[in-house]
Amino acid sequence: MKLIHTPLKQAKVERRALPTSPPTMAPQPSILLTLTLLLALLTTAVLAKSSFAISDVKFAVVGSDGVRRGGESLEFPGKLASKYSVQGSDTVRLTFQVKDAETDKSVQPHQAFLILTNDETGVQSVQILQVRDSGKARAELSPKTADENLVGPYTLEVVLGTFSLPDPLKYALGSINIESTFDLSKSAESATTAAVIYGPRPEIRHIFRQPDKVPAAWLSNAFVLVVLSPWLVLLGAWLALGITPAILGPFVSSISILAFFSTLVATEFLFYKYWTSLNIFETLTYFAGLSVFTFVTGQRALSEVQARRLKNEGKYAKKE
Amino acid sequence: MNTLGPAIQKLTSSYAKDTPTTLKIIDGYLIYILLSGITQFVYMVLAGTYPYNAFLAGFAATVGSFVLAANLRIQTNIKNSADFKTISPERAFADFVVCNILLHFFVVNFIG
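The shown structure was predicted, so the numbers you read here are calculated from the model rather than taken from an experiment. (Residues numbered from 1 in each chain as written. Chains lettered and ligands numbered in written order. Predicted model: local features only at pLDDT ≥ 70, side-chain atom pairs only at ≥ 80, totals over all residues. Heavy atoms only, no water.)

A. Geometry of the sheet that holds strand β6 (residues 124–128) of chain A. All names here are of chain A. Pairing is mixed across the open sheet formed by five strands, whose spatial order is β3-β10-β9-β5-β6. Where the open sheet ends on each side, the last strands, each with one partner, are β3 (84–86) and β6. Direction aside, the axes of adjacent strands within the sheet are offset by 35° on average. Note: strand β9 (residues 152–161) against strand β10 (residues 169–178), nine bridges, orientation antiparallel. Each bridged residue has a counterpart across the sheet, and for V159 the counterpart in β10 is K170. (Pairing = 2+ DSSP bridges. Helix = DSSP H or I, 4+ residues; strand = E, 2+ residues; numbered from the N terminus. Axes fitted to C-alpha atoms, helices over the stretch in contact; angles between N-to-C directions.)

B. The packing of helix α2 (residues 21–47) of chain B against helix α3 (residues 52–76) of chain B, seen in detail. Residue and element names in this part refer to chain B. Packing of α2 against α3 brings their axes to within 9 Å, and their N-to-C directions diverge by 160°. In terms of orientation, α2 lies roughly antiparallel with respect to α3. Crossing geometry of α2 relative to α3 is assigned as left-handed. Packed against α2, whose contacting residues are L23, I26, D27, Y29, L30, I33, L34, S36, G37, Q40, F41 and M44, the element α3 presents F55, G58, F59, T62, S65, F66, A69, A70, L72, R73 and T76 at the interface. Residue composition of the contact of α2 with α3, by class: 14 nonpolar, seven polar and two charged. (Parallel < 35°, antiparallel > 145°, perpendicular 65-115°, else oblique. Left-handed = near helix turned anticlockwise from the far one by under 90°. Contact = heavy atoms within 4.5 Å. Nonpolar A, V, L, I, M, F, W, Y, C, P; charged D, E, K, R; others polar.)

C. Broad picture of the pattern of salt bridges. All names here are of chain A. Using the criterion set out here, one finds ten salt bridges over all chains in the structure. Where D90 meets R69, a salt bridge forms, and the shortest distance between an N and an O atom there is 2.1 Å. Placement of the pair is D90 in the loop between β3 and β4 (91–100) and R69 in strand β2 (residues 68–74), with a sequence separation of 21 residues. Overall, R69 belongs to the partly exposed group, its relative accessible area being 44%. Salt-bridge contacts for E140 lead to R93; the nearest nitrogen and oxygen are separated by 2.9 Å. Here R93 lies in strand β4 and E140 lies in strand β8 (residues 136–141), a separation of 47 residues in the sequence. Taking relative accessible area as the criterion, R93 reaches 29% and is therefore assigned partly exposed. (Salt bridge = Lys/Arg side-chain N within 4 Å of Asp/Glu carboxyl O. Buried < 20%, exposed > 50% of the residue type's maximum accessible area, 1.4 Å probe, protein only.)

D. Unusual backbone geometry, seen in detail. Residue and element names in this part refer to chain A. Of note, the phi angle at D56 is positive, near 55°, even though the residue is not glycine. On the basis of relative accessibility, which here comes to 54%, the residue D56 falls in the exposed class. In this model, D104 sits at a positive phi of 60°, which is unusual for a non-glycine residue. Of note, D104 is situated in the loop between β4 and β5 (111–118).

E. Structural context of the interface of chain A and chain B. Between chain A and chain B, the residue contacts involve 33 residues of the former and 29 residues of the latter. Our enumeration of links across chain A and chain B arrives at one salt bridge. A salt bridge links R309(A) to E90(B), with the nearest nitrogen and oxygen atoms 3.0 Å apart. For the pair chain A and chain B, the interface holds six residue pairs in polar contact (both at pLDDT 80 or more). Elements with a minimum of two residues in the side of chain A that touches chain B: α4 (217–228), α5 (230–240), α7 (255–276) and α8 (280–319) of chain A. Take the side of chain A that touches chain B: its biggest share by element is nine residues, from α8(A). Of the residues in the side of chain A that touches chain B, the class split is 24 nonpolar, five polar and four charged. (Polar contact = N/O pair within 3.5 Å; in protein donor to acceptor, adjacent residues only side chain to side chain.)

Structure representation (structure tokens):
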């Protein structure tokens, strides 16, 4: 038997299980017969050979969707009838019952492994068989549990060994064929990263944003005139209403109104300078100073206008 | 349709007779602003929105001016004086000027 170290986790389980004696199974009639025979033999030979007995061997291949794709039940020394082919996503499940061949009591062996040996390369992969107190052993080979790239033809062997029974057991189950790796993506990735090519990479060309389409110059120029044309409408309408330069005479002659008007013009000029050269902080600084003048002159001008209006209204009131 | 012609005639004649001159001045200004906005919009439809901030600034200027002028017209209308007892026409004009200055500042800020 190969020397295999029991993993820590498994060892812990074994240590916990050690003090408890295996529970007794209800003896079956056929086994009772052999038991009596064995007892008879025991009386003659004090040092009888004790070894493992395996029963209820069940082998199954289950697809990733949970559907059973194949499997069979075996009698202990028997092998698998056919060579099962296993897909990468499939789960291989092996269960059996471990007993002491002599006493027919359930045994929980200290070491229990399922060994997969690659027939081509000879590489071995060891899976731990989980054995309960009742002697029920179970091994599952699935994409989650397999930590190696298993692919190709494999021979399955079960190895059992414990202190209470001097003879270990090696049971050749048969062989399976694993058709693809358990982790296809991982293996594909490693294949590509393995081949690193040193050399010039394709040149990266920067494509700048295409400039917006500028409308035709004649159209824009024509529409400058069209957009300005309502000024003619405005002038025409106001002249038709009798707002001629002559009627504006008294307003123009008033200093306060002129001052108000000039501060407004100055404000608009400031905005024009803001558009062309000034930044917003300079503009706001100038605007703060200018707005005081605009407020004062505006108040003067509008109160003058109001006074004139009230005087006129009074005049009209007297006339009426 | 027969009554439409006389109705329009009556409308225009009563407008010419009953509307004060100051309101007519504002109306002329409103028409001017309206036409300016419409022509800018037509240009945008024909030539595309390429200097988009310029279009928005110009169009917003016309819309804002129209709204402010319409408010000025409402507040200076003598028939509405009962609703605006504390607001004299001069006070309304001062509001109009202040709001226009602010509007122009935003428009110029936006024009780029």
